[in-house]
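What follows is each chain in one-letter form.
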Amino acid sequence: QVHLVESGGGSVQAGGSLRLSCEVSGYINSGICMAWFRQAPGKEREGVGVLDSDGSTDYEYSVKGRFTISKDKGKNTVYLQRNRLNLEDSGMYFCAAAPASRTGLCPIDRMGAGSYNYWGQGTQVTVSS
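Thresholds applied
Residues numbered from 1 in each chain as written. Predicted model: local features only at pLDDT ≥ 70, side-chain atom pairs only at ≥ 80, totals over all residues. Heavy atoms only, no water. pLDDT = per-residue confidence, 0-100. Helix = DSSP H or I, 4+ residues; strand = E, 2+ residues; numbered from the N terminus. Core = buried A, V, L, I, M, F, W, Y, C linked by side-chain atoms within 4.5 Å. Buried < 20%, exposed > 50% of the residue type's maximum accessible area, 1.4 Å probe, protein only. Contact = heavy atoms within 4.5 Å. Pairing = 2+ DSSP bridges. Axes fitted to C-alpha atoms, helices over the stretch in contact; angles between N-to-C directions.

1. So, the confidence of the model for the protein
Averaged over all residues, the pLDDT of the protein equals 91, while 98% of them reach at least 70. Ranking the elements of the protein by mean pLDDT puts strand β6 (residues 57–59) last, at 91, and strand β11 (residues 123–128) first, at 97.

Listed below in structure tokens is the structure:
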């Protein structure tokens, strides 16, 4: 019912900036809860941050202050902004979504991959020195 498409990845030198996009399409009765995850080669997938249906954001403790999530409601697009990229930021970035409850609540475990049932194909980010 919900389709997600990530874009904006690519190769960038350390210290540069990237803004990833997640285009959301498809009908959903309730509000929608969004999240960004990333996975580096040989490592487990980790949550980066979430955007609740009410527009509030939260970030995984280890990356707080390094990423910014925003939304363009007119385009139904969610963004992940990162300035001053470093080598540790390389990896595959995924957009994920889950329907909010009929009262507008998002999953309690907002940083857990198991809370989201819609996923994009991912976009690759490669940071070089």
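More follows now that the structure is in view.
2. Here we look at the nonpolar core
By size, the foremost hydrophobic cluster in this structure holds 25 residues, and its most contacted members are Leu4, Cys22, Met34, Trp36 and Leu80. Of all the secondary-structure elements, those providing two or more residues to this core are β3 (18–25), β4 (32–39), β5 (46–51), β8 (77–82), β9 (91–99) and β11. Discounting chain neighbours no more than four positions away, the residues touching Leu80 are Leu18, Arg19, Leu20, Trp36, Val48, Phe67, Thr68, Ile69 and Tyr93.

3. Quick word on the sheet that holds strand β7 (residues 68–72)
Spatially, β1-β3-β8-β7 is the arrangement adopted by the four strands of the open sheet, whose pairing is antiparallel. Each edge of the open sheet carries a strand with a single partner, namely β1 (3–7) and β7. Neighbour-to-neighbour, the strand axes of the sheet open up by a mean angle of 20°, direction not taken into account.

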